[in-house]
Every structure is written in C-alpha cells, then in structure tokens.
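Structural overview
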Amino acid sequence: MTANLLLLLLSIGVLVAGAELLVRGAGRLALRFGVSHFVIGVTVVGFGTSAPELAASIASATTGHAEIAVGNVIGSNIMNIALVLGVTAMIAPIPVDRGIIRRETIVMIAVSFVPLAALATHRTVGRLFGATMTAGLLAFLWWSFTSSRRDGGHPAEDEAIPAAPGRGGMSMLLDLVVMGAGLVLLVLGADRLVSSATEVARGLGVSEVVIGLTIVAGGTSAPELATSLIAVARGKTDLGVGNILGSCVFNILGILGITAIVTPIEIPIEVFQFDLPVMILVAIATIPILFSGHRISRVEGCVLTASFVIYTVLLFAGWPFPADRGTKVDSPASVVDPDQARADDESIWSRTHS
C-alpha cells in the first residue's frame, strides 16, 4: 500500500513536470504570435494543463478502467472551479475583467450540460458523440481567437522571450522540442498514475469512480492549481482565470470526446444522479462570483474551497452512495481460482445428490 502511494505521488510529479514543459513551450510559441494573456489562458495554457487529464483518461479507458476516466473528467472540473479557483482567491483576491470572461464563462456552463446527452444513448458516449464534442472544441478554439482579435485584445508580453533576429526558427524549434518532452512525460506519468491509483483503490476497497473523482482528478488538476497560483502571483490574473475556464471546457469536449473516439465510454448511473449535478451546480456558481464585482474575494474563495471539501468528505463517507458504488476494483482476496471454484461446485453437487 505504501509503495503504491509513493508511486502515485511520483506519477503525479511526472505529470506536473510534463505539463510544465508543455505549457512553457506552447506558451512561448503562442506569445510569438502576439496573442492576449486571456486567450493564452483559455486555449494554450488551459488545454496544456488539461493534457494530464487527457493522457490519464485515455490510459484508463484503454486498459478497461473507463469509470476512472469518467470520474477524472467530472472530478477535475469540480476541482478546477471549487478548489483551484477557491484556493487561488483565498491566497490573493483575483481581479477580473467582466467584459473579457463573460462569453467564456457562459460557454463553460453550457458545456457542463453536454454529458447529459448521453442519457439518450443508454448512458454511453460513443465515437460519433465523441467526434461531435471534439469538433465543438475546435470551434470553441477558433471562436476564442477570432473574437479576441475582433475585440482588440491586448497582445501578451513576456520578458522571457528576447528578440533574437535571425534565430527565430531555432527558437521556435526549441519550443517544439520542449513541448514534445512535456508530452512524453505526460504519457508516462498518466500510465503510472492509472496503475497506481487502481492499486490504491484495491487497498481502500472503493470504486473506480470515487478514485477517479478524487485521487486521479486531484493529481491531474495539480498543473491548473500551480499555473493559476503563479499567474495570479505575477499579476496575470486573466491568464489564471482563463486557464481554469479553458480547462473545464477542454475536459468535457476534448478529454471525454477524444477518449470516446478511442473507445466508447459508459457513464455510471450514480454519476448522473450525484456527481454530474454537482459539477453543473459548481459551474453555475461562477455566475454571481465572476459577475458580482470586479474581483473574486477571499470570502468567495473560502466558500468555493469549503464546498469542495464537503463534496470530497461526502464521497468517502458514502453519501448519497456507498464509497464502493458501481464496479468495485477487484481486490486480490476477491479473485477466485477457477480450479478451486470448479472443485467447490463438484463438492456441492455430490453432497446435494448423495
């Protein structure tokens, strides 16, 4: 158990390192094109920090642990808003530009309702549904860039990218190499995260859904938390808030969509009855918080963080469903030897017919 927990922490560290490299390379690449901080946050940084969720979800689904993938997506969105936004605001109130974030907030809330459409397909997100969501993600990406340019968004500036005439091609190549290294670490970290989380689930005796909603979602949401804290600390609040909103959109349309293209996903009924409504309510809760003033206060951050703590406690306390709800991860004690089972059956048969 201890070894699995250490492996879990190590895999989370690899994921964070990979996301850092990916965001650093992609962010520098985007800055070269003069894109605003908020657009970078919603698109490049938001999608980059969600890359661990994508890698972990695909790894989970392709290894027969689709419930971890579903829990990862929904749990990450709950965590992004309630925990990441909440903790960031608790540390330092976040100034927000209502004119900039209004559209993306509405999109994020609308996207939160998309998984409900799976009820029409027997709770299954198939390849066609996944392809439709992925197309919606690409449309959102295009819309974010075009609307930002149309509204005259201020281009981002970064002193870390010096002007180097004649070496632009080499610098861009270096950024691509950094991004590639980040992707490699993400894939490796995601694979270890899924395997170690499964072993932890065996030891705790809880379902894969709960593990996905908490442990895996927490590990893969670490890049969002780190990025938002750093962005706010450096005064780039638009990038921090954009990172959270963009990650939430990408988690549903991108991660759930791409994973479903790889392999169809069945969403457990308990998720529709509790976790998905919680995610939608948390998304809707951003309306008064983001639009009530010109900043997200520490009090509002405390409320968000407290709501996440309560949700997590309820999950492990078994309310409203037992912690081992759904398909429980097989524990070694529950694995039955086929030969022994056959011998037991023959013994029962002989006793009942003697």
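The structure displayed is predicted, hence computed values, not measured ones.

Focus on the overall build of the protein
The helix and strand inventory of the protein stands at 13 helices and 4 strands. Taken over 354 residues, the protein has a buried fraction of 49%. Sequence separation of 24 or more characterises 89% of the internal contacts of the protein that already satisfy a separation of 6 or more. By element, 68% of the accessible surface of the protein is carried by carbon and sulfur atoms, the whole surface being about 15,900 Å².

Some remarks on the packing of helix H8 (residues 208-233) against helix H12 (residues 298-317)
Between H8 and H12, whose axes approach to 11 Å, the crossing angle comes to 150°. When the axes of H8 and H12 are compared, the pair comes out roughly antiparallel. You can see that H8 and H12 cross each other, and the crossing is left-handed. Between H8 and H12, the contacting residues are Val210, Leu213 and Thr214 on the first element and Tyr311, Thr312, Leu315 and Phe316 on the second. When the residues that make up the contact of H8 with H12 are grouped by side-chain class, the tally is 5 nonpolar, 2 polar and no charged.

Describing the nonpolar core
Of all hydrophobic cores here, the largest spans 60 residues; its most connected members are Ile74, Ile94, Met108 and Ile296. Within the second largest apolar cluster, 20 residues are counted, among which are Ala19, Leu22, Ile68 and Met179.

Describing the confidence of the model for the protein
A residue-level look at the protein finds 80% of positions with pLDDT of 70 or above and a mean pLDDT of 77. Contacts for the low-pLDDT stretch residues 158-167, under 50 throughout, to residues beyond four places or in other chains number 6 contacts. Considering only residues more than four positions removed or in separate chains, one finds that residues 327-353, a stretch of pLDDT under 50, has 15 contacts.

Observations regarding the packing of helix H4 (residues 66-91) against H12
Across the interface, H4 lies against H12 with an axial gap of 7 Å and an inter-helix angle of 140°. When the interaxial angle is binned, H4 and H12 end up oblique. Note that H4 runs across H12; the crossing there is left-handed. In contact with Ile78, Met79, Ile81, Ala82, Leu83, Leu85, Gly86, Val87, Ala89, Met90 and Ile91 of H4, H12 contributes Arg298, Gly301, Cys302, Leu304, Thr305, Ser307, Phe308 and Tyr311. Counted by class, the contact of H4 with H12 contains 14 nonpolar, 4 polar and 1 charged residues.

A look at helix H10 (residues 269-284)
Taking 1.5 Å of rise per residue, 16 residues should cover 22 Å, and H10 covers 22 Å from first to last C-alpha, within 8% of that figure. Bending of H10 peaks at approximately 35° at the position of aspartate 275, with proline proline 277 no more than four residues after it. Among the residues making up H10, those that are buried are Glu270, Val271, Phe272, Phe274, Asp275, Leu276, Val278, Met279, Ile280, Val282 and Ala283.

Digging into H12
Here H12 contains 20 residues, and its C-alpha end-to-end distance of 28 Å stays within 8% of the 28 Å for a straight helix at 1.5 Å per residue. When H12 is considered as a whole, its buried residues turn out to be Glu300, Gly301, Leu304, Thr305, Phe308, Tyr311, Thr312 and Leu315. Viewed along the axis of H12, the buried residues span an arc of 135°, placing them on a single side of the element. Facing away from the buried side of H12 by over 90 degrees, the exposed positions are Val299, Val303, Ile310, Val313 and Ala317. Buried residues along H12 sit in contact with H4, H8, H10, helix H11 (286-291) and strand E4 (295-296). Once H12 ends, the next one or two residues include glycine 318, with phi positive near 85°.

What about a nonpolar patch on the surface?
A grouping of Phe113, Leu116, Leu119, Leu281, Ile284 and Ile287 is seen on the molecular surface, where their side chains present a nonpolar patch of about 500 Å² in accessible area. Tracing the backbone shows leucine 281 in helix H10.

Some points on the pattern of salt bridges
This structure, assessed with the given rule, holds 1 salt bridge. Here glutamate 266 makes a salt bridge to arginine 123, at a shortest N to O gap of 3.4 Å. With glutamate 266 in strand E3 (residues 265-266) and arginine 123 in the loop between helix H5 (98-112) and strand E2 (124-125), the pair connects residues that are 143 residues apart, well separated along the chain. Under the relative-accessibility criterion, glutamate 266 is labelled partly exposed at 45%. The class for arginine 123 is partly exposed, based on a relative accessible area of 23%.

Things to note about the packing of aromatic side chains
Geometry of an aromatic ring pair is reported as the spacing of the ring centres plus the angle between the planes. Tallying each qualifying case throughout the model produces 2 aromatic pairs. Ring geometry for phenylalanine 140 versus tryptophan 143: centroids 6.2 Å apart, planes at 40°, classification tilted. Of this pair, phenylalanine 140 and tryptophan 143 both sit in helix H6 (residues 127-150), 3 residues apart, which is roughly one turn of the helix. Taking the relative accessible area as the measure of exposure, phenylalanine 140 reaches 5% and is therefore buried.

Side note on the side chain of serine 144
Within the element layout of this structure, serine 144 appears in helix H6. For serine 144, a relative accessible area of 3% translates into the label buried.

How each quantity is defined
Within every chain, residues take consecutive numbers counted from 1 along the sequence as written. Local features in this predicted model are restricted to residues of pLDDT 70 or higher, and side-chain atom pairs are both shown and tallied only at a pLDDT of 80 or more, whereas totals for entire chains, interfaces and linings draw on every residue. Hydrogens and water molecules were not included; the side-chain quantities draw on all heavy atoms of the structure. Put simply, DSSP marks the helices as runs of H or I at least four residues long and the strands as runs of E at least two long, and each gets a number from the N terminus on. Buried residues are those whose accessible area, probed at 1.4 Å on protein chains only, stays under 20% of the maximum for their type, while exposed residues exceed 50% and partly exposed ones sit between those limits. By definition in these notes, contact holds between two residues if any of their heavy atoms fall within 4.5 Å. For the accessible areas, the method is Shrake-Rupley and the probe is 1.4 Å, while residue cover comes only from the protein chains on display. Under this scheme, a helix contributes an axis fitted over its contacting stretch, all axes are lines through C-alpha atoms, and angles between N-to-C directions fall in the 0 to 180 degree range. Here the word oblique covers every angle except those under 35 degrees (roughly parallel), over 145 (roughly antiparallel) and from 65 to 115 (roughly perpendicular). Helix crossings get a hand from a simple test, with the near helix turned counterclockwise from the far one by less than a right angle marking a left-handed crossing and a clockwise turn marking a right-handed one. Any residue that is not Ala, Val, Leu, Ile, Met, Phe, Trp, Tyr, Cys, Pro, Asp, Glu, Lys or Arg is counted as polar, Gly included; the first ten are nonpolar and the last four charged. Residues enter a nonpolar core if they are buried and are Ala, Val, Leu, Ile, Met, Phe, Trp, Tyr or Cys, with the set joined through side-chain atoms within 4.5 Å. Residue-level confidence of the predictor is what pLDDT reports, using numbers from 0 through 100. In this scheme, a helix's expected span is set at 1.5 Å multiplied by one less than its residue total. By definition, a residue's bend is the angle between the axes fitted to the seven residues ending there and the seven starting there. It is the directions from the helix axis to the C-beta atoms that the arc portrays. Patches here are clusters of residues that have more than 30% relative accessible area and form no salt bridge, with a 9 Å joining cutoff for like charges and a 5 Å cutoff for nonpolar side chains (Val, Leu, Ile, Met, Phe, Trp, Tyr). Here, a salt bridge means any side-chain nitrogen of Lys or Arg that lies within 4 Å of a carboxyl oxygen of Asp or Glu. A pair of aromatic rings is counted whenever rings of Phe, Tyr or Trp (Trp by its six-membered ring) have centres within 6.5 Å, and the orientation is called stacked for planes under 30 degrees apart, edge-to-face for over 60 and tilted otherwise.

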